[in-house]
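Close look at the chain arrangement
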Amino acid sequence: AKLCYGPVDGKTTCSSTTIEGCEAPTAAPTSAPTVAPTAALSCGDGGDCTCADLAGRTEVAKCKKADTDDCAASFAWKDESSGVAKLCYGPVDGKTTCSQTEVEGCLP
């Protein structure tokens, strides 16, 4: 089976890795549960951030340099080789720049 993830490293498509030893499902898969968009707590606004929150974000040099009209659409690497990323959010509390929160284990 292929496990898809990403996009990573500024790519616009997903990457995949092959996983072996998976058994075929015995029953027909049911429809995936729908997740309603939450406007309340998103990553960085009090919600938990994970590596999955990198998906669909644009890589920037620093969160403080990201577009303040859409901070949550950006991320920056603190240490890409170690998988430490900074997810941008905000601006908060009257600031004029985006804030950031770190997540670890985001290896490509």
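So, here's what we can say about the structure. From a predicted model like this one, the values you see are computed outputs, not experimental measurements.

Comments concerning the overall build of the protein chain
- Of regular secondary structure, the protein chain possesses 0 helices and 6 strands.
- Mapped in sequence order, the helices and strands of the protein chain form the string β-β-β-β-β-β.
- Counting over 108 residues, the protein chain shows a buried share of 22%.
- Partitioning the contacts of the protein chain with sequence separation of at least 6, the portion at a separation of at least 24 is 35%.
- By element, 51% of the accessible surface of the protein chain is carried by carbon and sulfur atoms, the whole surface being about 7,700 Å².

Looking at the environment of Pro91
- Within the fold, Pro91 resides in the loop between β5 (84-89) and β6 (99-103).
- Expressed as a C-alpha distance, the spacing of Pro91 and Cys71, which sit 20 residues apart in the sequence, is 7.1 Å.
- For Pro91, the contacting residues outside a window of four places in its chain are Thr68, Cys71 and Thr97.

Brief notes about the state of the cysteines
- This model, assessed by the stated rule, comprises 3 disulfides.
- Each disulfide pairs two cysteine sulfurs, and for Cys63 the partner residue is Cys88, the sulfurs being separated by 2.1 Å. Across the S-S bond of Cys63 and Cys88 the torsion is about -80 degrees, and the bridge reads as left-handed. Of this pair, Cys63 sits in the loop between β3 (58-59) and β4 (74-79) while Cys88 sits in strand β5, and the two are 25 residues apart along the sequence.
- According to the relative accessible area criterion, Cys63 is buried, its value standing at 1%.
- The side chain of Cys71 participates in a disulfide bridge whose partner is Cys98; the two sulfur atoms lie 1.9 Å from each other.

A short note on a negative patch on the surface
- A contiguous patch of negative charge on the surface is contributed by Asp9, Glu59, Asp79 and Glu80.
- Tracing the backbone through its elements, the reader meets Glu80 in the loop between β4 and β5.
- A residue is classified by how much of its surface remains accessible, and Glu80, at 31% relative accessible area, is partly exposed.

Comments concerning the pattern of salt bridges
- Taken as a whole and assessed by the stated rule, the structure comprises 1 salt bridge.
- Between Lys78 and Glu102 there is a salt bridge, and its shortest N-O distance comes to 3.1 Å. Residue Lys78 is located in strand β4, and its partner Glu102 is located in strand β6; the two are separated by 24 residues in the primary sequence.
- Its relative accessible area of 39% is what places Glu102 among the partly exposed residues.

Rules used in this analysis
- Residues numbered from 1 in each chain as written.
- Predicted model: local features only at pLDDT ≥ 70, side-chain atom pairs only at ≥ 80, totals over all residues.
- Heavy atoms only, no water.
- Helix = DSSP H or I, 4+ residues; strand = E, 2+ residues; numbered from the N terminus.
- Buried < 20%, exposed > 50% of the residue type's maximum accessible area, 1.4 Å probe, protein only.
- Contact = heavy atoms within 4.5 Å.
- Areas by Shrake-Rupley, 256 points an atom, 1.4 Å probe, with all protein chains shown as cover.
- Disulfide = S-S within 2.5 Å.
- Patch = residues over 30% accessible without salt bridge, like charges linked within 9 Å, V, L, I, M, F, W, Y side chains within 5 Å.
- Salt bridge = Lys/Arg side-chain N within 4 Å of Asp/Glu carboxyl O.
- Lys, Arg positive; Asp, Glu negative; His and termini not counted.
- Charge placed at Lys NZ, Arg CZ, Asp CG, Glu CD.

All quantities given are derived from atomic positions and should not be read as evidence of function.
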